[in-house]
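Reading the structure
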Amino acid sequence: MQHGISSEEAAAKLQQYGYNELPSAKPRNFWGIAKEVMREPMFLLLIGCGFLYMAIGDYREGAVLMSTILLIVGITFYQYRKTEKALNALRQLSSPRALVIRDGVEMRLAARELVPDDILVLNEGDRIPADARLIETMNLQVDESMLTGESMPVSKYPGSENDLLFGGTLVVQGRCIAKTTETGMRSKLGKIAATLEGSGDGTTRLQREMKVMITRFAVAGIMVSAIVVVAYYLTRGDLLKSILLGLASSMAILPEEFPVVLTVFLALGAWRLSRTNVLTRKPTAIETLGSATVLCSDKTGTITQNKMEVAALSTKDGYSTDISGLNIPACNLLRIAWLASQRETIDPMDAAINKLAGTLNLSEGNEKLVREYALSRELMAVTRVYENRDGGLIVAAKGAPEAIFQLCRLTKEEIADQEKHLEKMAEAGLRLLGVATLAANVGDIAETPAGMKFAFSGLLAFEDPIRPEVPQAIQSCRDAGLKVIMITGDHPVTARTIGLKAGMGVNVVITGDELSRLTDEQLSERIRENCIFARILPEYKLRIVKVLKLNGEVVAMTGDGVNDAPALKAADIGIAMGFKGTDVAREAASLVLLDDNFASIVVAIRLGRRIFDNMQKAMSYIIAIHVPIAGLTLLPAFVPSLPILLLPLHIVFMELIVDPVCSVAFESEQEEVNIMNRPPRAVDQKFFSVRRMLYSFFQGLLLLLVVLGVYFFSIREGHSEGEIRAIAFSSLIVGNIFLILSNLSNTRPFTSVFKERNVAVIIILLVAILLLIAIISVPQLRYLFSFSYPGYTHFAVSALGALGLLLVLEVIKYARKEM
């Protein structure tokens, strides 16, 4: 038994050698974010406006505009820092884990905490976390293709020329114990990384759609701005003011908030998912979660609790559920099952066998393991060969009862007799294993277990209770239009029983043998029913995914093993297990389930729908609010008798409200009441649908009409230009506040924001109202904004117009809800 280094030694080495990680992109500091902001169109427009004001001699307005740049950089910095913190938290969660021996105890720790001389314990499917030298191996094969380009796995042996393991490579078969030699940048992978430059992440479908939308707005903005400059100059003859109005028009039309909103929503959405024990590896998963129509789930540890216990044994002497009082044949059966099991294992059935054998003192012995035959597609059983102290060999096998019957070459009558016990145990929802043994000499050992004749020892039955929250989670899936398919390696009767207990509608059970005989067309028809799959090998999962996708389904698939990786990658949403899953499965997946719990998947789907909903609301609001801003900016260019209503400073003030509302307030809004009672979103449905765009323009047009109505009413009342501008601008701000409140939910009344205490919204809106009051009340601020004070009573028309807007929007919302 390896003892490993002590915790004190590990801490000292960590100080000496640093973390076992490759350098990643450094978080952006204030100046880095400032440089990024300086490349934004809005920044350049503000600079242009500021210089133009100074050119025409209005130094006050120019200085104010220049100073607002610092405020915009500050808000952007806050948004990026919030995003950066969320991403840092996710990086900590996604750090690979390593199984090491320290202080004589096996423990799992973050791979970045590995140090030289740590003792590693590696199993099939593990990604090797650092360079190491082998100490012990068992049938070890390593995929080194990422380093060598060689596709064939390499066999590794301690004490040979081929006894080195390299960080980043993958254990594809067997297991080993190894001593860490190099970590971080001193490893072979680190040296390669030092010579390479990082590459950027690919863009998602939503990012591409948004880029097209922003480009269209930008082109429209340039064209409209040019027309405005020409129109204003031809009607009024002031070139500098014409250019100033053109720049203001560009600021009004360009929806520069889109990229910030997308970045913040996806980063904070991934962070929110992590708080529900779901780690997001690919941002596209957040976009796709709301479209999922089929959820294919493993049974063990996901639907069930993964707390296996031996519940019954069946031998030639009969069937027993009294585990504490086993007779001799039952003890022999358990002893053989123990010999066929891994000692250091995360497999729940092996762990249950080891625990019971240890309790009954059946795990004593001096046998030496000399050979092992892994479970394969051809034979769903594990076989282990031991040498005893007399030089003889003991062969122990366990696996699917059908495979064990085949190894023992039982007659049809003997199989029929055993199947009676199988049916009885399977109907109780128990998971079954057959056990067989063989006493042999060296010459009797064949290349495959099928070449040896075993003696049947009996059957073991295991109980793995369903997680209590699963039936409700499955009902939630049904309500949301999401079909759940359970995929398991269990006996068909066991699978059906578990499926019914979990609340699944089970019309048909399809076994692996049946699946192999069905054509894709036949499987396509069968899979449309409420079905579950039993006796399924991991390789079959890929075919199931492909057939479901041919049926037009959007597939979420869970998996944990090396062989699950192709199916996880092929699925629209691959979900790997975080606790029992292999590194290669996690790398192939879009999401990682940190607690391996089915209910967490359903919570993630609910949260994914909420994130997408809120992002659509935020984008719709952005489009809506830009309509009145653009309209009020453009109107004076085409109506010579009207003064300029919105100056660049007014637009900046609006942006200071719009930016945080979009990226913070909408993101933190609660989910819709019916979020899990509606069908999945069509996968080809555009984020910016024509209907949504038209409704956003309609809302913006309503607010524009309200402001114009207030404006012309104020003219009729005989107010001065400064007073008219103050009253009209107030109606725009108050109307914007009501527009926000109405758009926060598609189904709930605007008052819900106060009932549900969306603190971010309340704070932002209160600040906006207080600032508006300050601008109207403080003479110096009125002067900056080119306002005059008409008296508070004259602002009643602004409030009434905005309330009218809110009433119309709420009536429309109610009518759409009832349709």
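An account of the accompanying structure is given in this report.

What counts, and at which threshold
Numbers given to residues run from 1 along each chain, matching the order in which its sequence is written. Totals for whole chains, interfaces and linings use all residues, but because this is a predicted model, local features are given only for residues with pLDDT of at least 70 and pairs of side-chain atoms are given and counted only at 80 or more. Only hydrogens and water are removed before side-chain values are computed, so all heavy atoms of the structure are retained for them. Each residue is assigned to one of three classes by its accessible area relative to the maximum for its type, calculated with a 1.4 Å probe on protein chains only: buried under 20%, partly exposed between the two thresholds, exposed over 50%. Segments assigned H or I by DSSP are reported as helices when at least four residues long, segments assigned E as strands when at least two residues long, and all are numbered from the N terminus. In this description, strands pair whenever DSSP reports at least two bridges between them. Ring pairs are drawn from Phe, Tyr and Trp, using the six-membered ring of Trp, whenever the two centres fall within 6.5 Å, and their geometry is named by plane angle: stacked under 30 degrees, edge-to-face over 60, tilted for the rest. Either the NZ atom of lysine or the CZ atom of arginine qualifies as a charge over a ring when it sits within 6 Å of the ring centre and within 35 degrees of the ring normal. The arc under discussion is defined with respect to the helix axis, by the directions toward the C-beta atoms. The contact criterion used is simple: two residues touch if any of their non-hydrogen atoms lie within 4.5 Å. Only residues whose relative accessible area exceeds 30% and that take part in no salt bridge are eligible for patches, with like-charged residues grouped when within 9 Å of each other and nonpolar side chains (Val, Leu, Ile, Met, Phe, Trp, Tyr) grouped when within 5 Å. Here the open area of atoms and residues is found with the Shrake-Rupley method and a 1.4 Å probe, where only the protein chains shown may cover a residue. Here, a salt bridge means any side-chain nitrogen of Lys or Arg that lies within 4 Å of a carboxyl oxygen of Asp or Glu. Side-chain atoms within 4.5 Å link the members of a nonpolar core, which is a set of buried Ala, Val, Leu, Ile, Met, Phe, Trp, Tyr and Cys residues. Under this scheme, a helix contributes an axis fitted over its contacting stretch, all axes are lines through C-alpha atoms, and angles between N-to-C directions fall in the 0 to 180 degree range. Each helix crossing is assigned a hand: it is left-handed if the near helix lies turned anticlockwise from the far helix by less than a right angle, otherwise right-handed if that turn is clockwise. As a working rule, the residues Ala, Val, Leu, Ile, Met, Phe, Trp, Tyr, Cys and Pro are called nonpolar, Asp, Glu, Lys and Arg charged, and the rest polar, with Gly in that last group.

1. Here's the deal with the pairing of strand S20 (residues 555–559)
- Burial analysis of S20 places five of its five residues in the buried class, the great majority of the element.
- Going residue by residue along S20, you find Val555, Met557 and Gly559 tucked away on one face and Ala556 and Thr558 tucked away on the opposite face as well.
- The sheet contact formed by strand S9 (residues 294–298) and S20 spans three bridges and is parallel. Paired with leucine 295 across the bridge in S20 is alanine 556.
- Pairing between S20 and strand S21 (residues 573–577): four bridges, direction parallel.

2. Some thoughts on the packing of aromatic side chains
- Summed over all chains, the structure comprises eight aromatic pairs.
- Measuring from ring centre to ring centre gives 5.2 Å for tyrosine 711 and phenylalanine 712, while their planes differ by 75 degrees; the resulting arrangement is edge-to-face.
- Ring pairs connect the aromatic residues Phe729, Phe785 and Phe787, which therefore count as one cluster.
- Arginine 112 extends its terminal NZ or CZ atom over the ring of tyrosine 19, reaching a point 3.9 Å from the ring centre.
- Geometry around phenylalanine 612 places arginine 681 over its ring, the cationic atom sitting 3.6 Å from the centre.

3. Remarks on helix H15 (residues 470–479)
- Within H15 the residues assigned to the buried category are Val470, Ala473, Ile474, Ser476 and Cys477. Looking straight down H15, one finds its buried side chains confined to an arc of 155 degrees; they lie on one side.
- Buried residues in H15 make contact with S9, strand S17 (483–487) and helix H22 (598–638).
- Backbone geometry just after H15 places glycine 481 at a positive phi near 75 degrees.

4. A closer look at a nonpolar patch on the surface
- A cluster of nonpolar side chains, contributed by Val230, Tyr233, Leu234, Leu239, Leu240 and Ile243, occupies part of the molecular surface with about 540 Å² of accessible area.
- Secondary structure elements with two or more residues in the nonpolar patch: helix H7 (205–236) and helix H8 (239–253).
- If you trace the backbone, leucine 240 turns up in helix H8.
- Leucine 240 sits in the partly exposed class, given a relative accessible area of 31%.

5. Points about the nonpolar core
- Counting residues in each nonpolar core, the largest one holds 117 residues, and the members touching the most others are Ile575, Phe598, Met619, Phe688 and Phe729.
- When near neighbours in sequence (up to four residues on either side) are disregarded, phenylalanine 688 contacts Glu209, Met210, Met213, Phe258, Met619, Ile623 and Met693.
- Counting residues in hydrophobic clusters, the runner-up holds 30 residues, among them Ala397, Leu430, Ala436 and Ala461.

6. A look at the pattern of salt bridges
- Per the stated rule, a full pass over the model turns up 25 salt bridges.
- Residues glutamate 810 and lysine 813 are paired through a salt bridge, measuring 3.1 Å at the closest nitrogen-oxygen approach. With a gap of three residues between them, glutamate 810 and lysine 813 both fall in helix H29 (residues 796–818), about one helical turn apart.
- According to the relative accessible area criterion, glutamate 810 is buried, its value standing at 15%.
- Among the charged side chains, a network of salt bridges with common partners joins Lys617, Glu669, Glu672 and Arg748.

7. A few points about unusual backbone geometry
- Positive phi is not limited to glycine here, since aspartate 103 has a value of about 55 degrees.
- As for its position among the elements, aspartate 103 is in the loop between strand S1 (97–102) and strand S2 (105–110).
- Positive phi outside glycine occurs at arginine 409, with the angle close to 50 degrees.
- By the element assignment, arginine 409 lies in the loop between helix H13 (401–408) and helix H14 (412–427).

8. A look at the packing of H15 against H22
- At a minimum axis distance of 9 Å, the contact between H15 and H22 shows a crossing angle of 35 degrees. Remark: the crossing between H15 and H22 carries left-handed chirality. Every residue of H22 that contacts H15 at Val470, Ala473, Ile474, Ser476 and Cys477 is listed here: Phe598, Ala599 and Val602.
- A per-class count over the contact of H15 with H22 returns seven nonpolar, one polar and no charged.

Any functional reading would require information beyond the geometric quantities listed.
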